[in-house]
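Chain by chain, the residues:
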Amino acid sequence: MVHYGTMPELPEVESIRRQLDAVLVGRRLVDLTSSWPKTLVARGTTLTAAHGLAIDGVDRRGKVLILGLDGHLALLVHLRMTGQLLLDETGELEGPKTRCVITMDRGALVFNDQRKFGRLVLLPASLVAEDPLLARMGPEPLETSFSAQILSDHLRRHRSISVKAALLDQSTVAGIGNIYADEILFASEVNPARRCDQLKRRDIERLATAIVAVLSRAINAGGSTMRDYRDANGAQGNYLEEAAVFARTGQPCRRCSASIIKVRVAGRGTHLCPSCQSR
Ligand SMILES: [Zn+2]
């Protein structure tokens, strides 16, 4: 099954983060090279400043990976459409789609990216929060502080647009894209085309609960595999096998047996159950 234009979302990036955090801490960067000039950039520092620094942790903000380097530099990895960050222990993973190689004292990180929209940004750790993408990012849905009230506060900024469009906007909630927006809206029994200012308190409470449940379940399944997603070890994710609506057009709803339909909302192909999500 092929889904063009579907990119890694929070569960996929979190799966990669967990794998890398478990094995990279303590490894030192030896060299950073790129074969496509826009892929790897330094902001407020130089690429050579990273040489010799040790990775002290791998964090995530929304769909962005953040490699900490000896406390004072950070490497942001935006996978975007087709980026893959692979751990290469044997020096065999470089190929025609490789845009960047981070050589370490043990092994390397290979960044493959067919569409070339991915970005690796080296910058001082103190500037991470000001990175243009991270600065306007909404709350992290899997932090314990996330709540229906916080979701309500952020949805209020998008009164006249559809709830699907609001979920796709990274300033509402960090890390949700097309697959999980559809899954979350199904789990909430909310129609994706419904305007944010028509949502009732109960709908927002259901949405907040579904956001946490759907994303957590997807992380446990190793994320979803579309055309290009691979985790750090090159494996695919299993979530789509248990998806409720995404990529299930014409198949029976797992709750009511009505046929799942695909419509266009917020400019994106959107899957829903017309019966469960009639409101
Ligand atoms: Zn249904």
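Residues numbered from 1 in each chain as written. Predicted model: local features only at pLDDT ≥ 70, side-chain atom pairs only at ≥ 80, totals over all residues. Heavy atoms only, no water.

**Comments concerning the overall build of the protein**
Quick reminder of the rule: To qualify as a helix, a DSSP run of H or I must reach at least 4 residues; to qualify as a strand, a run of E must reach at least 2; elements of each kind are numbered from the N terminus. The size measure is the radius of gyration over C-alpha atoms, and the globule rule it meets is 2.2 Å times the number of residues to the 0.38 power. For every residue, the accessible area (1.4 Å probe, protein chains only) is compared with the maximum for its type, and the residue is labelled buried under 20%, exposed over 50%, or partly exposed between those bounds. Residue contacts are defined here by distance: any two heavy atoms, one from each residue, within 4.5 Å place the two residues in contact. Under the convention used here, a 1.4 Å probe and the Shrake-Rupley method define accessible areas, while residue burial counts only the protein chains that appear. Neither His nor the chain ends contribute to the count of charged residues, in which Lys and Arg are positive and Asp and Glu negative. Where a charge sits is defined by one atom per residue type, namely NZ (Lys), CZ (Arg), CG (Asp) or CD (Glu).
For the protein, the count of helices and strands is six helices and 11 strands. Relative to its length of 279 residues, the protein is compact, with a C-alpha radius of gyration of 19 Å against a globular reference of 19 Å. Burial statistics for the protein: of 279 residues in total, 53% are counted as buried. In the protein, the proportion of contacts linking residues at least 24 apart, taken out of those at least 6 apart, comes to 66%. When the accessible surface of the protein is summed, it comes to about 12000 Å², and 50% of that surface belongs to carbon and sulfur atoms. Computed over 37 positive and 30 negative side-chain charges, the separation of the two mean positions in the protein equals 9 Å.

**Comments concerning the coordination of the zinc ion**
Put simply, the rule is: The rule for donors is simple: N, O or S, within 2.8 Å of the metal, or within 3.2 Å if the metal is Na, K or Ca. Water isn't counted, so a site may look like it is missing partners. Metal sites are grouped by the angles between bound donors: all angles between 85 and 135 degrees with four donors is tetrahedral, opposite donors over 155 degrees apart with the others between 65 and 115 is square planar for four donors and octahedral for six, and any other pattern is irregular.
Bound to the zinc ion on the protein side are Cys253 (SG), Cys256 (SG), Cys273 (SG) and Cys276 (SG), at distances that span 2.3 to 2.4 Å. Because the angles between the four donor atoms bound to the zinc ion fall within 99 to 113 degrees, the donor set is best described as tetrahedral. Sequence spacing of the donor residues for the zinc ion, all on one chain, is C-x2-C-x16-C-x2-C. You can see Cys256 sitting in the loop between helix 6 (201-220) and strand 10 (261-265) and its partner Cys273 sitting in the segment after strand 11 (268-272), a full 17 residues away along the chain. Residue Cys273 is classed as buried on the basis of its relative accessible area of 0%.

**Notes on the domain arrangement of the protein**
What counts is decided by this rule: Boundaries between domains were set according to an automatic or database domain assignment. Two parts placed together each lose some accessible area; with a 1.4 Å probe, that loss summed over both constitutes the buried area. Within this document, salt bridges are pairs made up of a side-chain nitrogen of Lys or Arg and a carboxyl oxygen of Asp or Glu, the two lying within 4 Å of each other.
Parsing the protein into structural domains produces domain 1 (10-135) and domain 2 (148-272). Measuring from the centre of the C-alpha atoms in domain 1 to the corresponding centre in domain 2 gives 28 Å. Between domain 1 and domain 2 lies a buried interface of about 1600 Å² when both sides are counted; carbon and sulfur atoms form 58% of it. Summed over the three residues of domain 1 that lose the most area to domain 2, namely Pro11, Glu12 and Gln19, the buried surface amounts to 32% of that side. The tally of links between domain 1 and domain 2 comes to zero salt bridges.

**A short note on the packing of aromatic side chains**
Two aromatic rings, taken as a pair, are described by how far apart their centres are and by the angle between their planes. Operational definition: Side-chain rings of Phe, Tyr and Trp, where Trp is taken by its six-membered ring, are said to pair if the distance between their centres is within 6.5 Å; with planes under 30 degrees apart they count as stacked, over 60 as edge-to-face, and otherwise as tilted. Cation placement over rings: the criterion is NZ of Lys or CZ of Arg within 6 Å of the ring centroid and within 35° of the ring normal.
Counting across every chain of the model gives one aromatic pair. With 5.3 Å between their ring centres and 55 degrees between their planes, Tyr180 and Tyr239 make a pair best called tilted. Of this pair, Tyr180 sits in helix 5 (residues 178-188) while Tyr239 sits in the loop between helix 6 and strand 10, placing them 59 residues apart in sequence. In terms of burial, Tyr180 and Tyr239 fall into one category: buried. Positioned above the aromatic ring of Phe186 is the side chain of Arg255, whose terminal nitrogen or guanidinium carbon lies 4.4 Å from the ring centre.

**Let's talk about the packing of helix 5 against helix 6**
Axis angle and axis distance: for two packed helices, these are the angle between their axes and the distance between the axes, and together they describe the pair. How we decide: Structural elements are reduced to axes, namely lines fitted to C-alpha atoms, with helices fitted over the stretch in contact, and the angle between N-to-C directions of any two is expressed from 0 to 180 degrees. Roughly parallel here means an angle under 35 degrees, roughly antiparallel means over 145, roughly perpendicular means 65 to 115, and every remaining angle is called oblique. The handedness criterion is simple: a crossing whose near helix is rotated anticlockwise from the far helix by less than a right angle is left-handed, and one whose near helix is rotated clockwise is right-handed. Only Asp, Glu, Lys and Arg are considered charged, only Ala, Val, Leu, Ile, Met, Phe, Trp, Tyr, Cys and Pro nonpolar, and every remaining residue, Gly among them, polar.
The N-to-C vectors of helix 5 and helix 6 enclose an angle of 130 degrees; their axes lie 8 Å apart at closest approach. With respect to their mutual orientation, helix 5 and helix 6 come out oblique. Seen from above, helix 5 lies across helix 6 with right-handed handedness. Residues Tyr180, Glu183, Ile184, Leu185, Ala187 and Ser188 of helix 5 pack against Arg206, Leu207, Ala210, Ile211, Val214, Leu215 and Ala218 of helix 6. For the contact of helix 5 with helix 6, a count of residues per class yields 10 nonpolar, one polar and two charged.

**Structural notes on the environment of Ala54**
Structurally, Ala54 is set in the loop between strand 2 (40-42) and strand 3 (55-61). Between the alpha carbons of Ala54 and Asp70 there is a distance of 5.4 Å; along the sequence they are 16 residues apart. When sequence neighbours within four positions are dropped, the list of residues in contact with Ala54 reads Gly26, Arg27, Arg28, Gly68, Leu69 and Asp70.

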